[in-house]
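# Topology and contacts: notes
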Amino acid sequence: MKIIDLSLKEANIIIDVDVDIDNYEPGSYMFTTSIKLNSDDTFKTRDFNETWVTISPENPSTSLEIERRCSGESCLPQLNMSLEWSGSQPYKLGSTNLEIVTIRFKNHGNSSYAQTCAHLKVSGARIARIGCVGQDTIYKCLLPIPIRREAEHLIEMMLNMSESTNKDGSLMVDVKFYNNSCSLESEFQSLEFVVPFELDTEAVVLSGSSNNRTLADSEVIDTALETFEDQHEYTIENNGSISWQDVRAVIKWSNTRIIEEYKILLTSVRYKCDVYNATDEMTYICMFNLDRQSAVKIIAIIEVSEKAVEKYVIGKTINVTSKLELYLLPSETKKELSLTTVIQYHKELSLGHNKFVIIIIAIIVAVLILALLIFVLWKFGFFNRNTKKKLIEEKKEDERRKSMKRPTETNTEDINVIEGNAETLDDDLEVIEEPLQAEPNTGDTSDQLSLICEAEIH
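Residues numbered from 1 in each chain as written. Predicted model: local features only at pLDDT ≥ 70, side-chain atom pairs only at ≥ 80, totals over all residues. Heavy atoms only, no water.

Turning our attention to the overall build of the chain. For the chain, the helix and strand inventory stands at 6 helices and 22 strands. Split into buried and exposed, the 458 residues of the chain put 29% on the buried side. Of all intrachain contacts in the chain linking residues separated by at least 6 positions in sequence, the fraction that spans at least 24 positions is 76%. Entry remark: accessible area of the chain is about 31200 Å², with carbon and sulfur atoms responsible for 51%. (Helix = DSSP H or I, 4+ residues; strand = E, 2+ residues; numbered from the N terminus. Buried < 20%, exposed > 50% of the residue type's maximum accessible area, 1.4 Å probe, protein only. Contact = heavy atoms within 4.5 Å. Areas by Shrake-Rupley, 256 points an atom, 1.4 Å probe, with all protein chains shown as cover.)

In structure tokens:
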């Protein structure tokens, strides 16, 4: 609406009209203009009466036809594309659940009436929603027909960022735009969009616990149990919204002199462990996956030799230490935690409870008592053989008497035999004591010798 000031009393009034054309297409455009008085009440005042002004002819109008043509490249479709990312760069993995990638197509040339399309490939995140045909990570998107000059078409991809893992180093969107046809043999525009990921290692928390142990000398002496079990329990908690794959846990033990056996147990996950045995250190390297909002326990179990503890204990204690190193690849972050079991060794056996000592002391006391008893018996002459001495003296006396007698010739041979036998029977002869009788004055000498021989033989 144009207001004309009639007080200027101008004979001719020229009004310029600017026209914005919504359609950018070439062709014939008809422009029509008209003029009339405004009959709104806002212009009715006491000083002005609309009847004072007339337009002749009444409500005149005029039309103008303009032909619009294109030239050069402006007569061809000029389709371009660009990508927009709703998140941050770099993107902190797990900070959001959903992000949007927008692909913007715009025609800066003539209208496009050919079927155009875009082939999309996405890695690093799963596509949650998209208005295109495809599966997994590859999709085909058809653009509308026609795409007018200066018109835009948007393709929005909603990405599920909560399922990305530490192995997804970045988000990558690869777009191939076929702006003349959808034939894969035709020319295309290529655009690659990359968003690097940042890993939130602070969401992974490491903790652990161990118990001290008391070992008594009575347990070492007891051969029924030669070892005892010790456990170090490590807990790995993932409080973040992403899953970690191929987490590497390295468990090491020191002071292996007192350890006889090693075991590793992991709860709630599937795992694989490799063993490396060095001279003074035992190492287990385990690989496993750590899901989001989950926890994994690593139980390091060892069998400790009781006799080795007694042998290598320094003072009253000996320590068994294990160490866990956690690597969250591909980041350079390493989390460490050490646990120590303090083994206290003490002697609790008294003389009355130590069977071995009691046996040794009993043997020593018995030997001493036996020696004392033998000494007392010897002192009182228990081992002197007085009876034997008397028998020997009597035997000698008897022989002396016999030598004083003069045997006859007929009995000389018999006497010699008897004497010879008497000499060989000195030790085994049992002497029968008989009272000595006076030798008779009368009688045969041979009879006397026979009586003596008979007494000796008996």
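Now that the structure has been shown, we can carry on.
Right, let's talk about the packing of aromatic side chains for a bit. Throughout the structure, instances matching the rule amount to 7 aromatic pairs. Judged by centre distance (5.8 Å) and plane angle (85°), the ring pair of W253 and Y284 falls under edge-to-face. Highlighted residues: W253 in strand β16 (residues 244-253) and Y284 in strand β19 (residues 282-290), separated in sequence by 31 residues. Classification of W253 as buried rests on a relative accessible area of 1%. Taking the relative accessible area as the measure of exposure, Y284 reaches 12% and is therefore buried. Residues F375 and W378 carry aromatic rings whose centres are separated by 6.2 Å and whose planes lie at 35° to one another, so their mutual orientation is tilted. Taken together, the positions of F375 and W378, both in helix α3 (residues 355-379) and 3 residues apart, correspond to about one turn of that helix. (Phe/Tyr/Trp six-rings, centres within 6.5 Å; stacked < 30°, edge-to-face > 60°.)

Turning next to the sheet that holds strand β11 (residues 170-178). Spatially, the 6 strands line up as an open sheet ordered β4-β12-β11-β6-β9-β8, and their pairing is mixed. Looking at which strands have only one partner, the edges of the open sheet turn out to be β4 (91-92) and β8 (133-135). Pairing of strand β6 (residues 117-123) with β11, which is carried by 7 bridges, proceeds in the antiparallel orientation. Counterpart to L120 in the pairing with β11 is V175. (Pairing = 2+ DSSP bridges.)

This part covers the sheet that holds strand β5 (residues 98-107). Read from one edge to the other, the open sheet built from 4 strands follows the order β3-β5-β10-β7, with strand pairing classed as antiparallel. A single partner strand is all that each edge strand has here, and the edge strands are β3 (79-85) and β7 (126-129). In this sheet, adjacent strand axes meet at a mean angle of 30° when their direction is disregarded. With 3 bridges joining them, β7 and strand β10 (residues 152-160) adopt antiparallel strand pairing. Looking across to β10, one finds that R126 is bridged to N160. (Axes fitted to C-alpha atoms, helices over the stretch in contact; angles between N-to-C directions.)

Disulfides are covalent bonds that connect the sulfur atoms of two cysteines. A complete count under the given rule lists 3 disulfides for this structure. Here C273 pairs with C286 through a disulfide, and the sulfurs are 1.9 Å apart. Here C273 and C286 share a disulfide; its torsion about the S-S bond, 110°, makes the bridge right-handed. Of this pair, C273 sits in strand β18 (residues 271-277) while C286 sits in strand β19, and the two are 13 residues apart along the sequence. (Disulfide = S-S within 2.5 Å.)

This part takes up the pattern of salt bridges. Working definition: two side chains of opposite charge can pair if their charged atoms are close together. All told, the structure shown has 13 salt bridges when counted by the stated rule. A salt bridge links E336 to K323, with the shortest nitrogen-to-oxygen separation between them at 3.6 Å. One end of the pair, E336, is in strand β22 (residues 334-346); the other, K323, is in strand β21 (residues 317-327), with 13 residues separating them in the sequence. Of the residues examined, E336 reaches a relative accessible area of 42% and is grouped as partly exposed. Taking the relative accessible area as the measure of exposure, K323 reaches 30% and is therefore partly exposed. Connected via shared salt-bridge partners are K252, K323, E325, K334 and E336. (Salt bridge = Lys/Arg side-chain N within 4 Å of Asp/Glu carboxyl O.)

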